[in-house]
Amino acid sequence: MAAWADITAVEVVGHRFWKSFRCPLAAVAGAEVTVQSPCWTDAQLHQDMNGDFSMALPQWFENARELLDEPGEFYLDRTAKTVDHIPRAGVDLQTAPAVLPVLETLLHGAGTIDAPLRHVRFEGLTFAHSTWRAPSSAQGYVELQAGIRLVGGGTWASEKTPAAVRFEAADHVTIAGCTFTHLGAGALSFELGAHDNLVVGNRFDDISAGAIQLGDVTQPWHHHPEDPATIVADNTIRDNFVTRTGVEYPSTVAIWAGYTEGTRIEHNDLFDLPYTGISVGWGWGAVDVDFPTPASSLDNHIEGNRVAYHLRVLEDGGGIYTLGAQMGSTTLGNYVHNQGHPYGALYLDNGTQHYAVTGNVVEKVDYWLLCTTYATDATNNVITGNYSELDNPFVQPDPPHPSNTIADNAVFGTTMPPEALAIVAAAGLSPEHRPMHPDDVARGLPATASSIYDPGHPEAHGNDGDGRTGWSPKGGDEDPSPWWQVDLQQPRALAGAEVVTRWELDQPSTRAELEIVGANQPDASDAVVLARLGATPLPHRAIWQARWDDRTPYRYVRVRKAGYMYLGEVRVLAADE
């Protein structure tokens with residue numbers, strides 16, 4: 001590393017528990033690497049009685065010309081203002097489109113508290129290609145939690161990650177049917193007295209940080225405002241599809257609300273996320289005991305959402321996560337499944353109070369519930385009438401605080417009861433918005449394969465609903481052209497498929513050069529190629545979200561490749577009929 005030409009352009013990336021870090025280097029001498037401050041100072045700040053949560057060993061280094069060795073990689077020479085890039089197979093740099101984002105804010109809608117922006121509708125627009133330069137400065141990116149980053153050089157001062165589209169002092173603004181994609185920080189934020197706004201029917205995909213933010217938490221007036229008109233209140237986030245957020249800053253949350261009142265987060269579909277799906281509240285209970293009046297955080301409702309394949313990079317988060325006292329709030333009728341890392345799918349962290357958590361369905365997770373305390377107890381919560389695949393709650397302390405009611409929750413094992421199935425069917429996108437992310441129609445149907453490696457990796461594990469099991473064929477010598485196939489029982493028009501790659505082992509070759517075909521003959525003699533994955537491997541634990549326009553009905557869907565393959569899960573998506 002000491003011989004690299006431009007060491008100050010190199011960034012070190014680290015992950016630890018729920019945090020991500022990104023700091024520029026200052027120098028390298030032998031085996032000693034010096035990181036620029038204040039980034040390094042802030043990255044070492046979080047060490048306390050509960051543990052060391054500072055930046056530790058790096059995950060990787062990036063932006064050195066000397067690291068360029070694989071297709072798809074690039075190096076930015078800031079001095080020469082040039083980009084070196086190794087194109088992927090089939091890409092001609094003479095004709096390929098190139099986009100260099102220059103704007104950090106694509107849209108800023110703002111009134112004042114006395115004269116707010118109001119009654120504006122944005123529909124059918126695409127917001128794309130923004131940038132964010134702050135993390136490339138000596139400040140870098142040091143996570144506190146959930147997209148709130150430290151910026152004080154050791155003082156605990158913090159800022160919220162910015163968004164490309166931002167509203168403040170705005171009411172009755174509607175964002176409907178829009179696409180947010182290829183954004184360098186967050187996507188959409190409502191702040192400073194924003195109330196009665198609606199975010200409905202939008203798609204968020206390939207976002208460097210979080211998709212949707214409500215409110216703020218970085219100043220005392222955010223939780224105890226002098227003027228109630230500054231409270232972020234009565235906003236609705238409904239029927240949005242959110243996927244592949246946190247691409248650069250994986251510690252950010254897909255949908256996040258800080259200190260807010262009357263927030264409704266309902267019938268959203270959150271899929272393929274590096275960290276927590278939905279997070280509401282802040283303060284770890286501290287502001288609820290340090291101030292004589294309650295914080296401006298109450299009557300928030302998280303209802304009817306689907307959160308799946310989340311926490312695929314970081315840990316100590318959940319599908320739905322809450323903090324602090326929130327009188328009259330609910331977590332109701334949500335479906336959470338396939339959480340990658342711990343902890344609770346339904347996570348009531350420090351100081352969570354006055355939540356009714358009921359009628360939720362949880363499966364394929366380490367813990368269906370975490371009700372915790374380290375600093376301030378999670379108290380006065382009612383957790384009843386939920387359905388879990390396993391009897392695996394994680395409660396601290398155990399037994400729970402006596403003010404909490406945790407009772408009458410059902411464990412269903414391998415067969416989900418009708419009541420739970422009804423909750424699953426109703427959760428997620430409403431019917432008119434479900435084409436953004438159609439239902440999986442392959443789960444549990446008959447599957448066949450060219451071979452199986454051993455009894456622990458049968459064909460049925462390729463579509464059993466659990467992304468951490470999987471199907472494996474025999475090795476390349478015995479099965480050089482492996483395939484896996486599901487029988488949909490009847491020809492169906494399909495919108496796409498989602499191939500979940502291997503969880504426990506990092507095998508790059510299994511995440512490249514896959515092919516999905518449709519057929520109506522069981523031997524696939526009439527196969528039609530629907531999607532191909534290129535030669536550049538996807539990242540470890542990635543999900544290949546394949547989509548196609550062919551609406552020819554097919555009964556059989558087959559995934560195949562030349563050479564060894566492994567499938568964690570294949571989700572086949574029905575087209576709108």
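Residues numbered from 1 in each chain as written. Predicted model: local features only at pLDDT ≥ 70, side-chain atom pairs only at ≥ 80, totals over all residues. Heavy atoms only, no water.

## Considering the overall build of the protein
In terms of helices and strands, the protein carries 4 helices and 51 strands. Compactness check: the protein gives a C-alpha radius of gyration of 24 Å against a globular reference of 25 Å for 577 residues, within 12% of the reference. Taken along the three principal axes of its C-alpha coordinates, the protein extends 70 × 65 × 50 Å. Counted over contacts in the protein with a minimum sequence separation of 6, partners at least 24 positions apart contribute 74%. Carbon and sulfur atoms form 53% of the exposed surface of the protein, whose accessible area is close to 23200 Å². Positive and negative charge centroids in the protein, built from 36 and 73 side chains respectively, lie 6 Å apart. (Helix = DSSP H or I, 4+ residues; strand = E, 2+ residues; numbered from the N terminus. Rg over C-alpha atoms; globule rule 2.2 N^0.38 Å. Contact = heavy atoms within 4.5 Å. Areas by Shrake-Rupley, 256 points an atom, 1.4 Å probe, with all protein chains shown as cover. Lys, Arg positive; Asp, Glu negative; His and termini not counted. Charge placed at Lys NZ, Arg CZ, Asp CG, Glu CD.)

## Observations regarding the packing of aromatic side chains
The geometry of an aromatic ring pair is captured by two quantities: the separation of the ring centres and the angle between the planes. Under the definition given, this model contains 17 aromatic pairs. When the ring of Trp256 is compared with that of Trp282, the centres are 6.1 Å apart and the planes differ by 80°; the resulting orientation is edge-to-face. Highlighted residues: Trp256 in strand S25 (residues 255–257) and Trp282 in the loop between strand S29 (278–280) and helix H3 (286–290), separated in sequence by 26 residues. On the basis of relative accessibility, which here comes to 1%, the residue Trp256 falls in the buried class. You can call Trp282 buried: its relative accessible area is 7%. Taking 4.8 Å as the distance between ring centres and 65° as the angle between the ring planes, the aromatic pair formed by Trp282 and Trp284 counts as edge-to-face. On the basis of relative accessible area, Trp284 is assigned to the partly exposed category, the value being 24%. The rings of Phe17, Trp18 and Phe53 are connected pair by pair, giving a single aromatic cluster. Sitting over the ring of Trp483, Arg558 keeps its end group 3.7 Å from the ring centre. (Phe/Tyr/Trp six-rings, centres within 6.5 Å; stacked < 30°, edge-to-face > 60°. Buried < 20%, exposed > 50% of the residue type's maximum accessible area, 1.4 Å probe, protein only. Lys NZ or Arg CZ within 6 Å of the ring centre and 35° of its normal.)

## A word on the environment of Pro162
Turning to its location among the elements, Pro162 is positioned in the loop between strand S14 (158–160) and strand S15 (163–168). What makes Pro162 partly exposed here is its relative accessible area of 32%. Sequence separation between Pro162 and Ala209 is 47 residues, and the spatial gap between their C-alpha atoms is 8.9 Å. Every residue in contact with Pro162, bar those within four places of it in the chain, is listed here: Trp132, Ala185 and Gly186.

## Focus: the pairing of strand S8 (residues 82–85)
The pairing of strand S7 (residues 74–77) with S8 spans 4 bridges and is classified as antiparallel. Within S8, the position partnered with Asp77 by the bridge is Thr82. What sits between the antiparallel neighbours S7 and S8 is a turn of 4 residues, in which Lys81 has the positive phi angle 60°. (Pairing = 2+ DSSP bridges.)

## A closer look at the sheet that holds strand S50 (residues 554–560)
Spatially, S44-S45-S50-S47-S48 is the arrangement adopted by the 5 strands of the open sheet, whose pairing is antiparallel. What marks the edges here is a single partner per strand, and that holds for strand S44 (447–449) and strand S48 (528–532). Within the sheet, the average angular offset between the axes of one strand and its neighbour, ignoring direction, is 25°. The sheet contact formed by strand S45 (residues 483–492) and S50 spans 6 bridges and is antiparallel. For Arg492, the partnering residue across the bridge sits in S50 and is Tyr554. (Axes fitted to C-alpha atoms, helices over the stretch in contact; angles between N-to-C directions.)

## Digging into the side chain of His223
The residue His223 is located in helix H2 (residues 220–223) in this model. Non-local contacts of His223, meaning those with residues more than four positions away in its chain, are made with Tyr259, Val287, Phe291, Pro294, Ala295 and Ser296.

## Digging into the sheet that holds strand S51 (residues 569–574)
Overall, antiparallel pairing links the 3 strands, which are arranged S49-S46-S51 in an open sheet. Strand pairing shows two members of the sheet lacking a second neighbour, strand S49 (543–547) and S51, which therefore form its edges. When strand polarity is set aside, the average angle formed by the axes of neighbouring strands in this sheet is 15°. As judged from the 6 bridges shared by strand S46 (residues 494–500) and S51, these two strands associate in the antiparallel manner. Across the sheet, Val500 pairs through a bridge with Glu569, a residue of S51.

## Let's talk about the nonpolar core
Phe167, Ile175, Phe180, Leu188, Phe190, Phe204 and Ile278 are the most contacted members of the largest nonpolar core, which totals 49 residues. Beyond its immediate stretch of four places on either side in the chain, Leu188 contacts Ala163, Val165, Phe167, Ile175, Phe180, Val199, Phe204, Ala211, Ile212 and Gln213. (Core = buried A, V, L, I, M, F, W, Y, C linked by side-chain atoms within 4.5 Å.)

## Observations regarding the pattern of salt bridges
Throughout the structure, instances matching the rule amount to 32 salt bridges. Across the salt bridge formed by Asp205 and Arg203, the nearest N and O atoms sit 3.4 Å from each other. A residue is classified by how much of its surface remains accessible, and Asp205, at 10% relative accessible area, is buried. Residue classification places Arg203 among the partly exposed positions, given a relative accessible area of 23%. (Salt bridge = Lys/Arg side-chain N within 4 Å of Asp/Glu carboxyl O.)

## Overview of the state of the cysteines
Tallying each qualifying case throughout the model produces 1 disulfide. Here Cys23 engages in a disulfide with Cys39; their sulfurs sit 1.9 Å apart. Its S-S torsion of approximately -75° makes the covalent link between Cys23 and Cys39 left-handed. On the criterion of sequence distance, the pair formed by Cys23 in strand S2 (residues 19–29) and Cys39 in helix H1 (residues 39–43) is long-range, its members being 16 residues apart. For the pair shown, Cys23 and Cys39 are each scored as buried. (Disulfide = S-S within 2.5 Å.)

## So, a nonpolar patch on the surface
Taken together, the side chains of Phe74, Leu76 and Val83 present a nonpolar region at the surface, about 280 Å² in accessible area. For Val83, the position within the fold is in strand S8. The exposure class of Val83 is exposed, given its relative accessible area of 51%. (Patch = residues over 30% accessible without salt bridge, like charges linked within 9 Å, V, L, I, M, F, W, Y side chains within 5 Å.)

## Details of the environment of Trp484
With respect to the helices and strands, the residue Trp484 is situated in strand S45. Along the chain, Trp484 and Ala449 lie 35 residues apart, while their C-alpha atoms are 4.3 Å from each other. Those residues within four positions of Trp484 in sequence are excluded, and the remaining contacts are Ala447, Thr448, Ala449, Glu459, Gly462, Asn463, Trp471, Val557, Arg558, Val559, Leu567 and Val570. A distance of 2.9 Å separates the side chain of Trp484 from the backbone oxygen of Glu459, its partner in a polar contact. (Polar contact = N/O pair within 3.5 Å; in protein donor to acceptor, adjacent residues only side chain to side chain.)

## Regarding helix H4 (residues 418–426)
All of the buried residues in H4 are Ala420, Ile423 and Val424. Along H4, the residues classed as buried sweep out an arc of 100° about the axis, all on the same side. Buried residues belonging to H4 abut strand S31 (306–310), strand S34 (335–339), strand S37 (361–363) and strand S40 (387–388). A positive backbone phi angle near 85° is found at Gly428, which sits one or two residues after H4. (Arc of directions from axis to C-beta.)

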